[in-house]
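Coordinate analysis (summary)
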Amino acid sequence: RKEVEQDPGPFNVPEGATVAFNCTYSNSASQSFFWYRQDCRKEPKLLMSVYSSGNEDGRFTAQLNRASQYISLLIRDSKLSDSATYLCVVNKPSKNYGQNFVFGPGTRLSVLP
Amino acid sequence: GAGVSQSPSNKVTEKGKDVELRCDPISGHTALYWYRQRLGQGLEFLIYFQGNSAPDKSGLPSDRFSAERTGESVSTLTIQRTQQEDSAVYLCASSYGTGATYNEQFFGPGTRLTVL
């Protein structure tokens, strides 16, 4: 099983739609979770951290389910500018090396006019 | 303030040559990461430096790849005897530390390496 798995998509949705992405992770000791956004031919940028209680930032809502080891990202009222690849990121605790991170393969979203 | 910078932005080399890629992290960031991203693929972890601890080299794909970091500043990634499959964007990221609050990684713009 891969350390972090995501549906690669693409998800093609009309403007204004609500879309949700899931991500599963294999390391039960992971404690930090993030969603990053990567635009075409650009570097990844942090979209939001994912907290245990779930958190919301405007149109974006992130949820964590530790029991099932998955995190989700919900985007409401999609905008054309939301078109990007969304990367799920999970920390990989290590006794020797502190914390490292594993990036999922990304889910591609296209918001259509 | 200044973000993570990388140089060169583009590098074209011939198969068999050595290349050196440079990363300048954000000042004060103790953690530094190198990733490789092939066209249309996800990020592939290469190496991680945290302060003065021994680096985590578990992601380096072969002994042709090596990286160094001077203290908590500049890092260089060296690829010896480059092969065509090394063609990719090499991304560097830094973060303030490893505590849960400070884990956000800030990425540089990457170095696009093309091996002919």
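Each remark here, short or long, concerns the structure printed above.
Residues numbered from 1 in each chain as written. Chains lettered and ligands numbered in written order. Predicted model: local features only at pLDDT ≥ 70, side-chain atom pairs only at ≥ 80, totals over all residues. Heavy atoms only, no water.

1. Topic: the sheet that holds strand β6 (residues 65-69) of chain B
All names here are of chain B. Taken together, 4 strands build an open sheet; the order of strands is β1-β3-β7-β6 and the sheet is antiparallel. The open sheet terminates on both sides in strands that have one partner only, identified here as β1 (5-7) and β6. Taken over all neighbouring pairs, the strand axes of this sheet differ in orientation by 15° on average, direction set aside. In the sheet, β1 pairs with strand β3 (residues 19-24) via 3 bridges, with the strands oriented antiparallel. (Pairing = 2+ DSSP bridges. Helix = DSSP H or I, 4+ residues; strand = E, 2+ residues; numbered from the N terminus. Axes fitted to C-alpha atoms, helices over the stretch in contact; angles between N-to-C directions.)

2. A few points about the interface of chain B and chain A
Between chain B and chain A, the contact holds 20 residues from the first and 16 residues from the second. Taken over both partners, the interface formed by chain B and chain A buries close to 1700 Å², and the fraction arising from carbon and sulfur atoms is 52%. Applying the counting criterion to the chain B and chain A interface returns 0 salt bridges. Where chain B meets chain A, there are 3 residue pairs in polar contact (both at pLDDT 80 or more). In terms of residue class, the side of chain B that touches chain A is made up of 11 nonpolar, 6 polar and 3 charged. (Contact = heavy atoms within 4.5 Å. Buried area = accessible area lost by both parts, 1.4 Å probe. Salt bridge = Lys/Arg side-chain N within 4 Å of Asp/Glu carboxyl O. Polar contact = N/O pair within 3.5 Å; in protein donor to acceptor, adjacent residues only side chain to side chain. Nonpolar A, V, L, I, M, F, W, Y, C, P; charged D, E, K, R; others polar.)

3. Here's the deal with the sheet that holds strand β8 (residues 70-75) of chain A
Residues and elements named next belong to chain A. Read across the sheet, 5 strands follow the order β1-β3-β8-β7-β6 without closing on themselves; strand pairing throughout is antiparallel. The open sheet is flanked by β1 (4-6) and β6 (55-57), the only strands paired with a single partner. Averaged over all pairs of adjacent strands, the angle between their axes in this sheet comes to 20°, without regard to strand direction. In the sheet, β6 pairs with strand β7 (residues 60-65) via 3 bridges, with the strands oriented antiparallel. Note that in β7 the partner of aspartate 57 across the bridge is phenylalanine 60.

4. Digging into the environment of glutamine 50 of chain B
Residue and element names in this part refer to chain B. Within the fold, glutamine 50 resides in strand β5 (residues 43-50). Through-space distance from the C-alpha of glutamine 50 to that of tyrosine 96 is 9.8 Å; in sequence the pair is 46 residues apart. Here tyrosine 48 takes part through its side chain, which lies 3.5 Å from a polar atom of the side chain of glutamine 50.

5. Details of unusual backbone geometry
A cis amide bond, omega 10°, links glycine 9 of chain A with the succeeding residue proline 10 of chain A. Residue placement: proline 10 of chain A occurs in the loop between β1 and β2 (11-14). Here the residue pair serine 7 of chain B and proline 8 of chain B is connected by a cis peptide bond, since its omega of -10° sits within 30 degrees of zero. Summarising the element assignment, proline 8 of chain B is placed in the loop between β1 and β2 (10-13). The backbone of aspartate 77 of chain A sits at a positive phi, close to 50°, despite the residue not being glycine. Residue aspartate 77 of chain A is classed as partly exposed on the basis of its relative accessible area of 38%. Residue arginine 81 of chain B is not a glycine yet carries a positive backbone phi of 50°. Within the element layout of this structure, arginine 81 of chain B appears in the loop between β7 (75-79) and β8 (88-95). (Buried < 20%, exposed > 50% of the residue type's maximum accessible area, 1.4 Å probe, protein only.)

6. Focus: the state of the cysteines
Residues and elements named next belong to chain A. Here the structure, examined in full by the defined rule, presents 2 disulfides over all chains. Sulfur-sulfur distance for the disulfide between cysteine 23 and cysteine 88 comes to 1.9 Å. Between cysteine 23 and cysteine 88 the disulfide shows an S-S torsion of about -70°. By sign, it is left-handed. Here cysteine 23, found in strand β3 (residues 19-25), pairs with cysteine 88, found in strand β9 (residues 84-94); they are 65 residues apart in sequence, far enough to count as distant. (Disulfide = S-S within 2.5 Å.)

7. Describing the pattern of salt bridges
Residues and elements named next belong to chain B. Here the structure, examined in full by the defined rule, presents 9 salt bridges over all chains. Across the pair lysine 17 and glutamate 14 runs a salt bridge whose closest N-O atoms are separated by 3.8 Å. A salt bridge links glutamate 44 to arginine 36; the nearest nitrogen and oxygen atoms lie 3.1 Å apart. Taking relative accessible area as the criterion, glutamate 44 reaches 28% and is therefore assigned partly exposed. Taking the relative accessible area as the measure of exposure, arginine 36 reaches 3% and is therefore buried.

8. Observations concerning the packing of aromatic side chains
Per the counting criterion, the structure on display carries 14 aromatic pairs over all chains. Measuring from ring centre to ring centre gives 5.4 Å for phenylalanine 21 of chain A and tyrosine 86 of chain A, while their planes differ by 35°; the resulting arrangement is tilted. A residue pair is termed long-range when its members are at least 10 positions apart, and phenylalanine 21 of chain A in strand β3 and tyrosine 86 of chain A in strand β9 qualify at 65 residues. Per residue, the accessibility class of phenylalanine 21 of chain A equals that of tyrosine 86 of chain A, and both read buried. Between the aromatic rings of phenylalanine 101 of chain A and tyrosine 33 of chain B, the centroid separation amounts to 5.8 Å while the plane-to-plane angle is 65°, which identifies the pairing as edge-to-face. Taken as a pair, phenylalanine 101 of chain A in strand β10 (residues 98-103) and tyrosine 33 of chain B in strand β4 (residues 31-37) lie in two separate chains rather than in one. Among the aromatic residues, those joined into a ring-pair cluster are Phe34, Tyr36, Phe101 and Phe103 of chain A together with Tyr33, Tyr35, Phe45, Tyr48 and Phe107 of chain B. (Phe/Tyr/Trp six-rings, centres within 6.5 Å; stacked < 30°, edge-to-face > 60°.)

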